[in-house]
Amino acid sequence: MKLVFMGTPEFAVASLDALIKAGHEVAAVVTMPDKPAGRGQKIQKSAVKLYAEEHGLKILQPEKLKDEAFINELREINADIQVVVAFRMLPEIVWNMPPKGTYNVHGSLLPCYRGAAPINWAIMNGDEVTGVTTFKLTHDIDTGDIALQRHVFIESNDDAGTIHDRLMKEGAIAIVETLDLLEKNELPLQPQSTKNVPAHRLAAPKIFKEDMKINWTLSPLKIINKVRGLSPYPAAWTDVDLPGKKEGEPFKILKGGMITLDDYHLFPGEVYICRQDSMLIIGTGDPHHAYIVDELQPAGKKRMDAKTFINGLHFEGKEYISSGRNLDDEPEK
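What you see is a predicted model; the values in this text were computed from it and never measured.

(A) Representation of the overall build of the protein chain. Along the backbone of the protein chain there are 9 helices and 16 strands. Considered along the principal axes of its C-alpha atoms, the protein chain spans approximately 75 × 50 × 30 Å. A total of about 17200 Å² of accessible surface is found on the protein chain, and carbon and sulfur atoms cover 49% of it. Separation between the mean location of the 39 positive side-chain charges and that of the 47 negative ones in the protein chain comes to 4 Å.

Structural data, given as C-alpha cells:
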C-alpha cells in the first residue's frame, strides 16, 4: 500500500525500515523539525529523518500539523494509509485523511499505559509482562480499536533501555503484519475495554523531574523498579548527602539492588559507604533491607560503577555514614 509514515526517534526507525523491506510504498516521511540539542546547541536531525535521507525518501517537517500547506501536501500525496510510531498527537484532519485510516504502534498492551511513557511506567509499576499494540487512531489518545498485540516478558534485570529495544523490534513486526492483514481485508479490529484494568495501569503520562526523584521511605523493591524504569534515560535521581559534595547536590542512579542489613540499621535516605568493599548503600523504608548502588552518574560526569565513584570521594577512614552516628549504636525509636 501507498503510505505516509510519521515518527521521530530511533524507536520509529525499525518500523519504517520493516515497512520498506516488506515492499510498502513509503510516499513520504513526516518527522519533527530539526532543533538545537546538547551543550553546543548544534542543530540535530531526528533518527527518522536521518534514515529517510539515507533511503531517498520524501521528508516533511511541519512546525504545526494544522498548517494549510502541510495539509495540502498530504492530500496531494493521496496515501492509502498513514502509520504513526512515536510521534506527536495528530489533529483529526490529519489522522482521518487516508481512506484506510491511520494506524499507530504503541509500546504497551493497550488499554494499559495510554500516554507518552508506557515503557517507563510498566517497569516502575513492577509489571512482569508488557508488549506492543497496533491500533487504528481515533479522537481520544491511545483509545482506538486494537489490531494486533505482541507480548514481551520483563525480566528482573531489564530496564527501560532493554525493553525499549525489544519492543522496537516487536513493533516493527506487528505493523508489517497489521498492514498485510489490512490489504487482505482480514484485520480483526477489537474495541478497547478498561473494565478489568487497575487504575494505576491505565495512564502513562509524561515524566517530569520531580517524578524521577527517589523517595527513600519506599520499600527497596519499589525503589529498584523506579530506577530500572527510568534507566538509562531520563534516569532516577537523588540528593542524599555524600562526603566532599555540596549538600543537596543531585546525582543520577542507574542501576542497583537490595541488600539485607543484618548487623546495623539505616534510616530512609541515610548513606553508608564502605571503601574496602566498594559499597554505596542507602537506607529505605524497610529497616532490614537497603538499596545498594551499582551504577550512577554524578552531575556533569559520565556513567560509572560504584567502585570508581567511591574511589573519587574524600573522607577519613574506611567507612562513612551521612548522619555521622555510630552504626553500633541502637537505632532510634
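What follows picks up the thread again.
(B) Quick peek at the packing of helix α1 (residues 10-21) against helix α6 (residues 160-183). In contact at an axis separation of 8 Å, α1 and α6 are set at 35 degrees when each is read in the N-to-C sense. Every pair of crossing elements has a handedness; the one defined by α1 and α6 is right-handed. Here Glu 10, Phe 11, Ala 14, Ser 15, Ala 18 and Leu 19 of α1 come into contact with α6, specifically with His 164, Leu 167, Met 168, Gly 171, Ala 172, Ile 175, Val 176 and Leu 179. Class assignment of the residues belonging to the contact of α1 with α6 gives a composition of 10 nonpolar, 3 polar and 1 charged.

(C) Examining the packing of aromatic side chains more closely. Counted according to the given criterion, the structure contains 4 aromatic pairs. When the centroid spacing of 5.9 Å and the interplanar angle of 50 degrees are considered together, the rings of Phe 315 and Tyr 320 count as tilted. Tyr 320 carries the same exposure label as Phe 315, and that label is buried. Between Lys 209 and the ring centre of Trp 237, over which it is positioned, the NZ or CZ distance is 5.4 Å. Over the aromatic face of Phe 315 sits the side chain of Arg 275, whose NZ or CZ is 4.1 Å from the ring centroid.

(D) Fine view of unusual backbone geometry. Cis peptide bonds are those with omega within 30 degrees of zero, and the linkage from Ser 231 to Pro 232 qualifies with 5 degrees. Assignment of secondary structure puts Pro 232 in the loop between α8 (220-230) and β10 (236-238). Omega for the peptide link from Tyr 233 to Pro 234 comes to 5 degrees, which places this bond in the cis form. With respect to the helices and strands, the residue Pro 234 is situated in the loop between α8 and β10.

Conventions adopted
Residues numbered from 1 in each chain as written. Predicted model: local features only at pLDDT ≥ 70, side-chain atom pairs only at ≥ 80, totals over all residues. Heavy atoms only, no water. Helix = DSSP H or I, 4+ residues; strand = E, 2+ residues; numbered from the N terminus. Areas by Shrake-Rupley, 256 points an atom, 1.4 Å probe, with all protein chains shown as cover. Lys, Arg positive; Asp, Glu negative; His and termini not counted. Charge placed at Lys NZ, Arg CZ, Asp CG, Glu CD. Axes fitted to C-alpha atoms, helices over the stretch in contact; angles between N-to-C directions. Left-handed = near helix turned anticlockwise from the far one by under 90°. Contact = heavy atoms within 4.5 Å. Nonpolar A, V, L, I, M, F, W, Y, C, P; charged D, E, K, R; others polar. Phe/Tyr/Trp six-rings, centres within 6.5 Å; stacked < 30°, edge-to-face > 60°. Buried < 20%, exposed > 50% of the residue type's maximum accessible area, 1.4 Å probe, protein only. Lys NZ or Arg CZ within 6 Å of the ring centre and 35° of its normal.

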